[in-house]
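Residue strings, one per chain:
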Amino acid sequence: MTGPAILLLLAGLGAIAWVSARARALRLQTAARATGRRDAVHSLPGYHGWYVALWTLVPAILFLVVWSNVAPGLVTQSVLADPAAQSLPADAFSRSAILGEARAIASGSQAGAFNPLSQALVEPYRTALDTYGIAGAVLALVLAFAGGAYAFTRVRPDFRARTRVERLVMATLLVASLIAIITTVGIVASLLWESFRFFSMVNPIDFLFGTKWSPQSAAMGYGNDDAFGAVPLFWGTIFIGAIIAMIVAIPLGLMSAIYLTQYASPTVRRWMKPTLEMLAGVPTVVYGYFAALTIAPALRDFAVSIGIHGASSESALAAGLVMGVMIIPFVSSMADDSIAAVPQSMRDGSLAMGATTSETIRKVLIPAALPGVVGGVLLAVSRAIGETMIVVMAAGLAANLTANPFASVTTVTTQIVQLLTGDQEFDSAKTLAAFALGLVLFIVTLLLNIVALRVVKKYREAYE
Amino acid sequence: MSAVRNPTDWKSEAMRKRIAGRYAAERRFKFAGLFAVVLSASFLAFLLITMMGNGLRGFTRTEIALKVDFPASPLLIDPNAITDEALNNANLPMVTGEVAKKALGDKADALLSPTAWISIRDAIKADPKILSRTETINVPASTGLDLAAKSQGSPEMEAAVTRLKQQGVLSTGFNWNFLSASDGTDPTQVGIWGAFKGSLLTMLVTLILSFPVGVATALYLEEYARKSWWTDIIEVSINNLAAVPSIIFGLLGLSIFLNLAHLPRSAALVGGLTLALMTMPVIVIAGRNAIKSVPPSIRDAALGIGASPVQVVFQHVLPLALPGILTGTIIGMARALGETAPLLMIGMRAFIATPPGGITDPATVLPVQIFLWSDEVSRGFVEKTSAAIIVLLAFLLAMNGLAIYLRNKFETRW
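The residue count restarts for each chain, going from 1 along the sequence in the order it is written. In the order they appear in the text, chains get letters beginning with A and ligands get numbers beginning with 1. Where local features are concerned, this predicted model is filtered to residues with pLDDT of at least 70; where side-chain atom pairs are given and counted, the filter is 80 or more; whole-chain, interface and lining totals use all residues. Note that the side-chain values use all heavy atoms of the structure and ignore hydrogens as well as water.

## A look at the overall build of chain A
Line of reasoning, step 1. For chain A, the count of helices and strands is 16 helices and 0 strands.
Line of reasoning, step 2. Expected size for 464 residues packed as a compact globule is a radius of gyration near 23 Å; at 33 Å, chain A overshoots this value by more than 25%.
Line of reasoning, step 3. By principal-axis analysis of the C-alpha atoms, chain A measures approximately 85 × 80 × 40 Å.
Line of reasoning, step 4. Categorising residues by exposure relies on relative accessible area from a 1.4 Å probe, with only protein chains included: less than 20% of the type maximum marks a residue as buried, more than 50% marks it as exposed, and the intermediate range marks it as partly exposed. In chain A, which comprises 464 residues, the proportion classed as buried is 46%.
Line of reasoning, step 5. Two residues form a contact once any of their heavy atoms are found within 4.5 Å. Considering only contacts within chain A whose residues lie at least 6 apart along the sequence, 71% involve residues at least 24 apart.
Line of reasoning, step 6. One finds the centroid of the 30 positive side-chain charges in chain A at a distance of 17 Å from the centroid of its 25 negative side-chain charges. Per the convention used, a helix needs a DSSP run of H or I reaching at least four residues, while a strand needs a run of E reaching at least two, with both numbered from the N terminus. Based on C-alpha atoms, the radius of gyration is set beside the globule rule, defined as 2.2 Å times the residue count to the power 0.38. Under the counting rule used here, the positive set is Lys and Arg, the negative set is Asp and Glu, and His together with the chain ends is not counted. All charge positions are set by atom: Lys at NZ, Arg at CZ, Asp at CG, Glu at CD.

Okay, structure coming up:
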């Protein structure tokens, strides 16, 4: 019996359970009311329905989940016990390949066998799959009937069905909220585990402070000793994300926020604010394409025309400029918020003393809003150094330790993509290095975010 | 004893200069602000115009009307037994080349798309009777000719365009193929349908997983959880997840879903799972804000007439908060739709020429397709890439527009 059929059958059973239990509860309720004792009925009939339906479905589905994890092992065992399995090779790899092929044919996802040995195993496999499939289905149905029957006998006027159902609802909500923790733990654990494997091959000191990055030469067997120095990547990331992008984003973002909050008419503000926010909604792959196709060649031609040597068609400047534009809305909306949080009385006071609007903004509003602005900038930096597609497409692959914005540099995220999209073998230092880079990126962005949120929060409280 | 201070003489030359200077500074400052806004907006406009300029051409294609004399052509096929196999063995590519050479001159190879024979095959399939007569069939032109017809080509191709136009066999039409085909190696034949379907499937998985979990988490945190170290941990994790770089989610998907759970590589299922983990925090945060804005009086009233806490939330609070939650969900889904980096990590950059049939089939998504095409050296891919970007941006715009519409329609001020 196939999985969807069983689930459909169970759904049908659940529906029947719901309807019959509800009908029974309704009858009992009417009967109880006829005796004049309205308060004798605790729960609405619907809750009795849900109670019985849940008892029908939940145990059976839990069983099926467990069974679908256990059954393949049992099937393989029974196939191996078959006489036809005696001729299997001892080598574990080819053994599992043959078994896998036989299973694919038996379950109908593959038409013919490449290996004659697996053809011989198809029949035992089919029998075993059928046997365990039917056994699982029967057990699930028995559980559904048993659970439903048990719950059905408990339908009484004074039975607190609602409390039970609500307890399950609460448990579901709690489990849902745990997923965030599980994800966080999963990220940290997988990054730590793979990084640990990497650092057992490469010295962490060499990784963090080495200045030569050439994983390709390490993969080709020249040794790991000095091929994984990540300093050029860290520098490239900081150069693009924290320096060039911020030189673009901070003045433009801050001045846009000031203009839109202090000078612009409501109509202008209503139209321009969403327009600027659109900059943040454009997918980064589009920015990357734009940077690589339009901005980078223009910059190279410009650099060549003013006589700069080593101008590359993939430059730090192209990636940084476009990333800076992408970041403008983050800076401007954070600045917008913190300027709006400065009390009106401070602004009015300054204006009443005869200061012009721009003097008020520069001498009163900005200093007062500075912590919020700084927090916004930190968040923007964290965002910029974690950004991938723009730098992958426009910044280049050469690990240069240079301050020349027209040269090609590489970043942490670019290298993660590079390392993990080639040939994948998960025991080489080359692929594991990506996880070590990921760990560094995770820690740095996390710290930036925590500091930024602290700064913003602390400042907010000062005016309340 | 304080020094006696004379009243300011506002009429003095020095003071007037000073005031004029301050007003000039005021104007400069205001102008700088306006300049920043205009510069940012014009960058957006420049980006959109560039994409439109390149991309709109990607939606059209140049076709050559090729007169095929079927009875005279050396086609190895029996008109009474047209099967896929027979057509594949019928030597169509060579025959097409011969016919083209006869009609267009010796350099016809450079004028016709390398896959032009597919149009002829489809024509035969649609109507086997044409095998007994001479028929004019529109076949796609080569990339070089196509670009030349859009006045971007090399001089000799430009000359060929003029010549073909005089013969009256050149036409330009809407490229339906771009919407219905999948990835390929020939820019005249590629389309976005495969990637688009992959995007839809991935979004479906993302929505099914992240929406219920996100809403449930928001309800739990906002309505039931008492403040404790435990809920603090949940809250901190959610806020952190919302700020983690997307590529880290790719690393998580790679090591957990692929290496540990052995789910199929480059499938919409794994892409959806990864994006769901990324989208969930966005939905939780939006959901909490929406739930928070439902006034306590509604809860108190429901509790007062005897509803249980679960009934209060599911029958009163949730329906009132739903528009806000939906708005947040759409924005989160829009972000997921444009995401590329985590999907590269889980192997979605493979070359996939058939649209996925289910969530476990190898698939690609629109942004990844754009990324893959941007790497292609063939010149014809530039306009295809930009055209795909236009489709992607149109979808994002539609989703954001829907979010704004929902917010405006259902916004309640309590």
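## Here's the deal with the confidence of the model for chain B
Line of reasoning, step 1. In predicted models, pLDDT denotes the confidence assigned by the predictor to each residue on a 0 to 100 scale. In this model, chain B carries a mean pLDDT of 85, and residues with pLDDT of at least 70 account for 96%.
Line of reasoning, step 2. Interface confidence in the predicted complex, given as ipTM, is 0.87; pTM for the same model is 0.86.

## Describing the pattern of salt bridges
Line of reasoning, step 1. What counts as a salt bridge is simple: a side-chain nitrogen of Lys or Arg found within 4 Å of a carboxyl oxygen of Asp or Glu. Across all of its chains, the model carries 12 salt bridges over all chains by this definition.
Line of reasoning, step 2. For Asp336 of chain A, the salt bridge is made with Lys273 of chain A, and the minimal N-O distance between the two is 3.2 Å. Within this pair, whereas Asp336 of chain A is found in helix α11 (residues 316-341), its partner Lys273 of chain A is found in helix α9 (residues 266-281), the two being separated by 63 residues in sequence.
Line of reasoning, step 3. Relative accessible area serves as the criterion here: at 7%, Asp336 of chain A is assigned to the buried category.
Line of reasoning, step 4. Measuring nitrogen to oxygen at the nearest pair gives 3.1 Å for the salt bridge that ties Asp232 of chain B to Lys227 of chain B.
Line of reasoning, step 5. Shared partners join several salt bridges into a network, and the residues in it are Arg269, Lys273 and Asp336 of chain A.

## Some details on the sheet that holds strand β2 (residues 134-140) of chain B
All names here are of chain B.
Line of reasoning, step 1. Pairing between strands is defined by DSSP: at least two bridges between them are needed. The sheet built from 3 strands is open, its strands ordered β2-β1-β3 with antiparallel pairing. The sheet is open, and its two borders are formed by β2 and β3 (170-174), each paired with just one other strand. On average, each strand axis in the sheet is inclined to that of its neighbour by 40°, with strand direction left out of account.
Line of reasoning, step 2. Strand direction decides the pairing type here: strand β1 (residues 60-69) and β3, joined by 5 bridges, are antiparallel. Residue pairing for β3: Thr60 is matched across the bridge by Phe174.
Line of reasoning, step 3. In this description, a line fitted to the C-alpha atoms serves as the axis of each element, helices being fitted only across the stretch in contact, and the angle between N-to-C directions of two axes falls anywhere from 0 to 180 degrees. Helix-sheet contacts for helix α5 (residues 116-126) involve β1 and β2, and the interaxial angle to β2 is about 135°.

## Remarks on the packing of α9 of chain A against helix α1 (residues 13-55) of chain B
Line of reasoning, step 1. Put simply, α9 of chain A and α1 of chain B touch, their axes get as near as 9 Å, and they point 55° apart. When the axes of α9 of chain A and α1 of chain B are compared, the pair comes out oblique. Along this stretch, α9 of chain A crosses α1 of chain B, giving a crossing that reads as left-handed. The segment α9 of chain A lies against α1 of chain B, with Met272, Thr275, Leu276, Met278 and Leu279 of chain A engaging Val37, Ser40, Ala41 and Leu44 of chain B.
Line of reasoning, step 2. Residues are grouped as follows: Ala, Val, Leu, Ile, Met, Phe, Trp, Tyr, Cys and Pro are nonpolar; Asp, Glu, Lys and Arg are charged; every other residue, Gly included, is polar. Partitioned by chemical class, the residues of the contact of α9 of chain A with α1 of chain B number 7 nonpolar, 2 polar and no charged. Throughout, the term roughly parallel applies to angles under 35 degrees, roughly antiparallel to angles over 145, roughly perpendicular to angles from 65 to 115, and oblique to all others. Each crossing gets its hand from how the near helix is turned against the far one by less than a right angle, where anticlockwise is left-handed and clockwise is right-handed.

## Considering the environment of Ala352 of chain A
Line of reasoning, step 1. Tracing the backbone shows Ala352 of chain A in helix α12 (residues 344-352).
Line of reasoning, step 2. As a C-alpha pair, Ala352 of chain A and Ile390 of chain A span 38 residues in sequence and 47 Å in three-dimensional space.

## As for the packing of α9 of chain A against α11 of chain A
Describing two packed helices takes the angle between their axes plus the distance from one axis to the other.
Residue and element names in this part refer to chain A.
Line of reasoning, step 1. Contact geometry of α9 with α11 gives a least axis separation of 6 Å together with a crossing angle of 130°. Taken together, α9 and α11 sit at an angle that is classed as oblique. Viewed along their axes, α9 and α11 form a crossing whose handedness is left-handed. Two secondary-structure elements touch here, α9 through Arg269, Lys273, Leu276, Glu277, Leu279 and Ala280 and α11 through Val325, Met326, Pro329, Phe330 and Asp336.
Line of reasoning, step 2. Partitioning the contact of α9 with α11 into residue classes produces 7 nonpolar, no polar and 4 charged.

## Some thoughts on unusual backbone geometry
All names here are of chain B.
Line of reasoning, step 1. Even without a glycine there, the phi angle at His262 is positive, about 55°.
Line of reasoning, step 2. Mapping His262 onto the fold places it in the loop between α11 (246-260) and α12 (268-292).
Line of reasoning, step 3. One non-glycine residue, Ser266, lies in positive phi territory at about 50°.
Line of reasoning, step 4. Judged by relative accessible area, which is 6%, Ser266 ranks as buried.

## Structural notes on the pairing of β1 of chain B
Line of reasoning, step 1. Relative to β2 of chain B, β1 of chain B runs antiparallel, the two being bridged by 7 bridges. When the bridges of β2 of chain B are listed, Glu63 of chain B appears paired with Pro140 of chain B.

## As for the interface of chain B and chain A
Line of reasoning, step 1. Facing 72 residues of chain B, the contacting portion of chain A comprises 73 residues.
Line of reasoning, step 2. Carbon and sulfur atoms make up 80% of the surface buried where chain B meets chain A, a total of about 6,400 Å² over both sides.
Line of reasoning, step 3. Counting the contacts that link chain B with chain A gives 1 salt bridge.
Line of reasoning, step 4. The partner of Arg22 of chain B in a salt bridge is Glu359 of chain A, with the nearest N and O atoms 2.9 Å apart.
Line of reasoning, step 5. Considering each element in turn, the side of chain B that touches chain A owes the most residues, 21 residues, to α1 of chain B.
Line of reasoning, step 6. Tallied by class, residues from the side of chain B that touches chain A come to 50 nonpolar, 17 polar and 5 charged. The quantity reported as buried area is the accessible area (1.4 Å probe) lost by two parts once they are put together, taken as the sum for both.

## Comments concerning the packing of aromatic side chains
Line of reasoning, step 1. Each Phe, Tyr or Trp ring, with Trp reduced to its six-membered ring, pairs with another whose centre is within 6.5 Å; inter-plane angles below 30 degrees give stacked pairs, above 60 give edge-to-face pairs, and intermediate values give tilted ones. Per the counting criterion, the structure on display carries 24 aromatic pairs over all chains.
Line of reasoning, step 2. Their ring planes at 85° and their centres at 5.3 Å tell us that Phe198 of chain A and Phe228 of chain A sit as a pair that is edge-to-face. Of this pair, Phe198 of chain A sits in helix α5 (residues 161-199) while Phe228 of chain A sits in the loop between α7 (215-222) and α8 (231-263); the two residues are 30 residues apart in sequence, bridging distant segments of the chain. As far as the burial class goes, Phe198 of chain A and Phe228 of chain A line up, both buried.
Line of reasoning, step 3. Seen in terms of ring centroids, Trp373 of chain B and Phe381 of chain B are 6.0 Å apart; in terms of plane orientation they differ by 45°. Their pairing is tilted. The same class applies to Trp373 of chain B and to Phe381 of chain B, which are both buried.

## Here we look at the side chain of Gln29 of chain A
Line of reasoning, step 1. Looking at where Gln29 of chain A falls in the secondary structure, it is placed in helix α1 (residues 3-34).
Line of reasoning, step 2. For Gln29 of chain A, a relative accessible area of 9% corresponds to the buried category.

## Thoughts on α11 of chain A
Residues and elements named next belong to chain A.
Line of reasoning, step 1. Helix length check: α11 (26 residues) gives 36 Å between terminal C-alpha atoms against 38 Å at 1.5 Å per residue, within 8%.
Line of reasoning, step 2. If you look at α11, its biggest bend is around 40°, right at Ile327, and the proline Pro329 turns up within four residues after that.
Line of reasoning, step 3. Burial analysis of α11 places 20 of its 26 residues in the buried class, which makes it a mostly covered element. Helices are assigned an expected span. That span is 1.5 Å times one less than the residue count. Throughout, bend refers to the angle between the axes fitted to the seven residues that end at a position and the seven residues that start at it.

## Considerations on the environment of Gly438 of chain A
Line of reasoning, step 1. Following the sequence through the fold, Gly438 of chain A ends up in helix α16 (residues 429-462).
Line of reasoning, step 2. The sequence separation of Gly438 of chain A and Val412 of chain A amounts to 26 residues, and the corresponding C-alpha distance is 7.9 Å.
Line of reasoning, step 3. With residues near it in sequence (within four places) discarded, Gly438 of chain A still touches Leu191 and Ile416 of chain A together with Ile248 and Leu251 of chain B.

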